[in-house]
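Letter by letter, the chains look like this.
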Amino acid sequence: MRKQEHFIGVWLGDEEYVHLAEQCIASGLSVSAFIRQAIAGVQIRPRPPAEYTALLRELSAIGNNINQIAHWANKEKSIHEAEIVEAAVLAKEAWRLVKETL
């Protein structure tokens, strides 16, 4: 059963229709979802590129590695220069990935 109980048909000109279709494609929303969000005043943004999922996964792994280094350093109450360098390399790699994606 539908959640929405009311149907409204709208006539659009060619330019309006093309613009609506482009906005729906960019946002990844269906026409009805796009219109409902626009009516609700939601700021509709373009769907993030597919590369963002892989980037977020990679950043999460890098963050976990840095966190493990920090946890180990706190537990041992000391850290060697090699671990600091490794953490810095991981942070630089994360920054490089972000810059490449944007």
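Residues numbered from 1 in each chain as written. Predicted model: local features only at pLDDT ≥ 70, side-chain atom pairs only at ≥ 80, totals over all residues. Heavy atoms only, no water.

Engineer: For this particular structure, what's the right way to read helix H3 (residues 51-76)?
Structural biologist: Along its 26 residues, H3 runs 38 Å from first to last C-alpha, staying within 8% of the 38 Å computed at 1.5 Å per residue. Taken as a whole, H3 has its buried residues at Leu55, Ile62, Ile69 and Ala73. Looking one or two places after H3, you find Lys77, whose phi comes out positive at around 60°. (Helix = DSSP H or I, 4+ residues; strand = E, 2+ residues; numbered from the N terminus. Expected span 1.5 Å × (residues − 1). Buried < 20%, exposed > 50% of the residue type's maximum accessible area, 1.4 Å probe, protein only.)

Engineer: Help me out: how do you make sense of the environment of Ala26 in this one?
Structural biologist: With respect to the helices and strands, the residue Ala26 is situated in helix H1 (residues 14-27). In sequence terms Ala26 and Arg47 are 21 residues apart; their C-alpha atoms lie 6.1 Å from each other. With sequence-adjacent residues up to four places away left out, Ala26 is seen in contact with Pro46 and Arg47. (Contact = heavy atoms within 4.5 Å.)

Engineer: Before we go on, may I ask you to explain the confidence of the model for the chain in this structure?
Structural biologist: Of all residues in the chain, 96% have pLDDT values of 70 or greater, and the mean over the chain is 84. Averaged over each element, pLDDT in the chain is lowest for helix H4 (residues 81-101) (78) and highest for H1 (95). (pLDDT = per-residue confidence, 0-100.)

Engineer: Please explain the nonpolar core as it appears in this structure.
Structural biologist: Soluble globular proteins tend to pack their nonpolar side chains together in the buried interior. Among the nonpolar cores identified, the biggest contains 8 residues, and these are Leu55, Ile62, Ile69, Ala87, Leu90, Ala94, Leu97 and Val98. Breaking this core down by element, the ones donating at least two residues are H3 and H4. The element best represented in this core is H4, accounting for 5 residues. (Core = buried A, V, L, I, M, F, W, Y, C linked by side-chain atoms within 4.5 Å.)

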